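# Understanding the architecture of this molecule
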Amino acid sequence: MTSSKILIAYFSHSGNTEIIARKIQRLTDGILFEIKTAKSYPENYYRTVEIAKEEKRQNARPELISNLDDINPYEAIFLGYPNWWGTMPMAVFTFLESYDFSGKTIIPFCTHEGSGMGSSERDIKKLCPNAKVLPGLPIRGSSVTRADSDIANWLKRLNFISFIENP
């Protein structure tokens, strides 16, 4: 698969998920796309946690200020997010509902502090029933700067890179 057919879409609050997205981009040469909300989340972790909890409870769909012109050129979409309340932030739900992922391959990755992928892979399959969803990669937020070999090995297992070149 050519790198121009790979999209790395990510939502990052603290910067950890963005670090992983950039590492994937470096290894695949895919196109980076940041999922941004119209309303920013507070920098304070606990306030953000409470907002995220309320958004999930209300099944909210936060407005996005970043949009792709066209999803059609991409065959593979790496989808990154922090695990908030056992799944993706609701902004990622908004993103997934904004495009037709039929025939696409979605490869999730998330940052977390102990809860892994949660129900996010199952949620992606529900939102995008006509897409192929490959096994995701959960990475502890506190380990993102040391995750290069984990990322490279995951990409190799999924046949996105054929060799590992000193990640």
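Procedures and definitions
Residues numbered from 1 in each chain as written. Predicted model: local features only at pLDDT ≥ 70, side-chain atom pairs only at ≥ 80, totals over all residues. Heavy atoms only, no water. Helix = DSSP H or I, 4+ residues; strand = E, 2+ residues; numbered from the N terminus. Buried < 20%, exposed > 50% of the residue type's maximum accessible area, 1.4 Å probe, protein only. Contact = heavy atoms within 4.5 Å. Areas by Shrake-Rupley, 256 points an atom, 1.4 Å probe, with all protein chains shown as cover. Lys, Arg positive; Asp, Glu negative; His and termini not counted. Charge placed at Lys NZ, Arg CZ, Asp CG, Glu CD. Pairing = 2+ DSSP bridges. Right-handed = clockwise from strand over helix to strand, strands pointing away. Axes fitted to C-alpha atoms, helices over the stretch in contact; angles between N-to-C directions. Parallel < 35°, antiparallel > 145°, perpendicular 65-115°, else oblique. Left-handed = near helix turned anticlockwise from the far one by under 90°. Nonpolar A, V, L, I, M, F, W, Y, C, P; charged D, E, K, R; others polar. Salt bridge = Lys/Arg side-chain N within 4 Å of Asp/Glu carboxyl O.

## Observations regarding the overall build of the protein
- Within the protein one finds 5 helices and 6 strands.
- Reading the helices (α) and strands (β) of the protein from amino to carboxyl end gives β-α-β-α-β-α-β-α-β-β-α.
- Split into buried and exposed, the 167 residues of the protein put 50% on the buried side.
- Residue pairs at least 24 apart in sequence account for 76% of intrachain contacts in the protein once pairs closer than 6 positions are excluded.
- Total accessible area computed for the protein in this model is approximately 8700 Å², and 46% of it derives from carbon and sulfur atoms.
- Across the protein, the 20 positively charged side chains and the 19 negatively charged ones have centroids separated by 5 Å.

## Structural notes on the pairing of strand E4 (residues 105-112)
- For E4, a buried count of 8 out of 8 residues is recorded, marking the element as mostly surrounded by other parts of the structure.
- Because side chains alternate across E4, one face comprises the buried residues Thr105, Ile107, Phe109 and Thr111, and the other comprises Ile106, Pro108, Cys110 and His112, equally buried.
- By the bridge criterion, 7 bridges tie strand E3 (residues 76-82) to E4 in an arrangement that is parallel. Its bridge partner being in E4, glycine 80 is matched across the sheet by phenylalanine 109.
- Taken together, E3, helix H3 (residues 90-97) and E4 form a β-α-β motif whose crossover is right-handed.
- In the sheet, E4 pairs with strand E5 (residues 132-133) via 2 bridges, with the strands oriented parallel. Paired with isoleucine 106 across the strands is valine 133, a residue of E5.

## Some thoughts on H3
- H3 sits mainly inside the fold: 7 of its 8 residues count as buried.
- Three or more residues of H3 are buried, namely Met90, Ala91, Val92, Phe93, Thr94, Phe95 and Leu96.

## Some words on the packing of H3 against helix H4 (residues 120-127)
- Where H3 meets H4, the closest approach of the two axes is 10 Å, and the angle between their N-to-C directions is 30°. Compared by their axis directions, H3 and H4 come out roughly parallel. Classified by chirality, the crossing of H4 by H3 is right-handed. The residues of H4 that touch H3, namely those facing Phe93, Leu96 and Glu97, are Asp123, Ile124 and Leu127.
- Considering only residue class, the contact of H3 with H4 consists of 4 nonpolar, no polar and 2 charged.

## Overview of the pattern of salt bridges
- Following the criterion strictly, the structure yields 7 salt bridges and no others.
- Notably, a salt bridge pairs aspartate 148 with lysine 23, separated by 2.6 Å at the nearest N-O pair. Of this pair, aspartate 148 sits in helix H5 (residues 148-157) while lysine 23 sits in helix H1 (residues 16-28), placing them 125 residues apart in sequence. Comparing aspartate 148 with lysine 23 shows no difference in burial state: the two are buried.

## Section: unusual backbone geometry
- Phi is positive for asparagine 59, close to 55°, though the residue is something other than glycine.
- Take asparagine 59: it is sitting in the loop between helix H2 (45-57) and E3.
- Given a relative accessible area of 47%, asparagine 59 falls into the partly exposed group.
- Of note in this structure, tryptophan 85 is not a glycine but carries a positive phi near 55°.

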